Amino acid sequence: MVDFFKAAIPKTYEHQLLNNPCITLQGQHNYHTGEVLNYPIKGNYKNIEFEIKERKIIISGSLHIFYNIIQGKGWQNFNDFSFKNVIQSIDTLCKVLQIEPKEMKIENLEIGVNVKLKTNVSDALSMLFIDWDTRSKFVNKVYKTGHLVEYKTVDRYAKFYDKGGQHTLPFHLLRYELKYMRNETIVKKAQN
């Protein structure tokens, strides 16, 4: 399932975003002089972040969490989230923002899958080692609510962690995420 995304939209949408009553927007100012700075202008709509810059507008956030918020299921992404739900989320977001989906250029995309396990996720992850790529940076650490294993390269990363521990769930839930951090990589993968 698609979870996090980051997309650029044309600067021509700036005026309508600034005048959209659904978005909470904040600008910046110089603390010493009081001068109001034109950019960046940042905003939020139900977990989706906006950043209006001088030359482009960035929209980012978790489509899964966004979907759960608009469906009244809370701020979480451990439940099922189908491709149909992804499409519903994008359609809803584009309608609220009054933007055309085809004008969004995806710059960053994260795909996440939750897997219920019969054994403790942290125990399983403490023994996990995958030779994903010789260029990768490998992280294996215990954190407050579980365990994390992460592999990074220049343009993507894979992450495994204890989603059940993160949300204090009564069952063992492993989260696997694969994140593409460059549009060129996303396009190349989509064409395969």
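Each remark here, short or long, concerns the structure printed above.
Residues numbered from 1 in each chain as written. Predicted model: local features only at pLDDT ≥ 70, side-chain atom pairs only at ≥ 80, totals over all residues. Heavy atoms only, no water.

## Quick word on the state of the cysteines
- Counted by the stated rule, this structure contains zero disulfides.
- Take Cys22: it sits in no disulfide, and the sulfur closest to it among the cysteines is that of Cys94, at 14 Å.
- Assessed through its relative accessible area of 39%, Cys22 is described here as partly exposed. (Disulfide = S-S within 2.5 Å. Buried < 20%, exposed > 50% of the residue type's maximum accessible area, 1.4 Å probe, protein only.)

## Details of unusual backbone geometry
- Here the residue pair Tyr39 and Pro40 is connected by a cis peptide bond, since its omega of -5° sits within 30 degrees of zero.
- Structurally, Pro40 can be placed in strand 3 (residues 36–45).
- Phi at Asn47 is positive, roughly 80°, even though this residue is not glycine.
- A residue is classified by how much of its surface remains accessible, and Asn47, at 17% relative accessible area, is buried.
- The phi torsion at Thr168 lies on the positive side, around 50°, for a residue other than glycine. (Helix = DSSP H or I, 4+ residues; strand = E, 2+ residues; numbered from the N terminus.)

## Comments concerning a nonpolar patch on the surface
- A cluster of nonpolar side chains, contributed by Ile111, Val113 and Val115, occupies part of the molecular surface with about 190 Å² of accessible area.
- Among the secondary structure elements, Val115 is positioned in strand 6 (residues 105–117).
- Relative accessible area serves as the criterion here: at 35%, Val115 is assigned to the partly exposed category. (Patch = residues over 30% accessible without salt bridge, like charges linked within 9 Å, V, L, I, M, F, W, Y side chains within 5 Å. Areas by Shrake-Rupley, 256 points an atom, 1.4 Å probe, with all protein chains shown as cover. Salt bridge = Lys/Arg side-chain N within 4 Å of Asp/Glu carboxyl O.)

## Some words on the side chain of Ser62
- If you trace the backbone, Ser62 turns up in strand 5 (residues 57–62).
- Here the side chain of Ser62 touches Asp3 through a polar contact of 2.4 Å, side chain to side chain.
- For Ser62, the side chain forms a polar contact with the main-chain nitrogen of Ile65, separated by 3.0 Å.
- Among residues more than four places away in sequence, those in contact with Ser62 are Asp3, Phe4, Asn47 and Ile48. (Polar contact = N/O pair within 3.5 Å; in protein donor to acceptor, adjacent residues only side chain to side chain. Contact = heavy atoms within 4.5 Å.)

## Some words on the side chain of Arg156
- Among the structural elements, Arg156 can be located in strand 9 (residues 156–162).
- A polar contact is formed between the side chain of Arg156 and the side chain of Asp155, at a distance of 3.2 Å.

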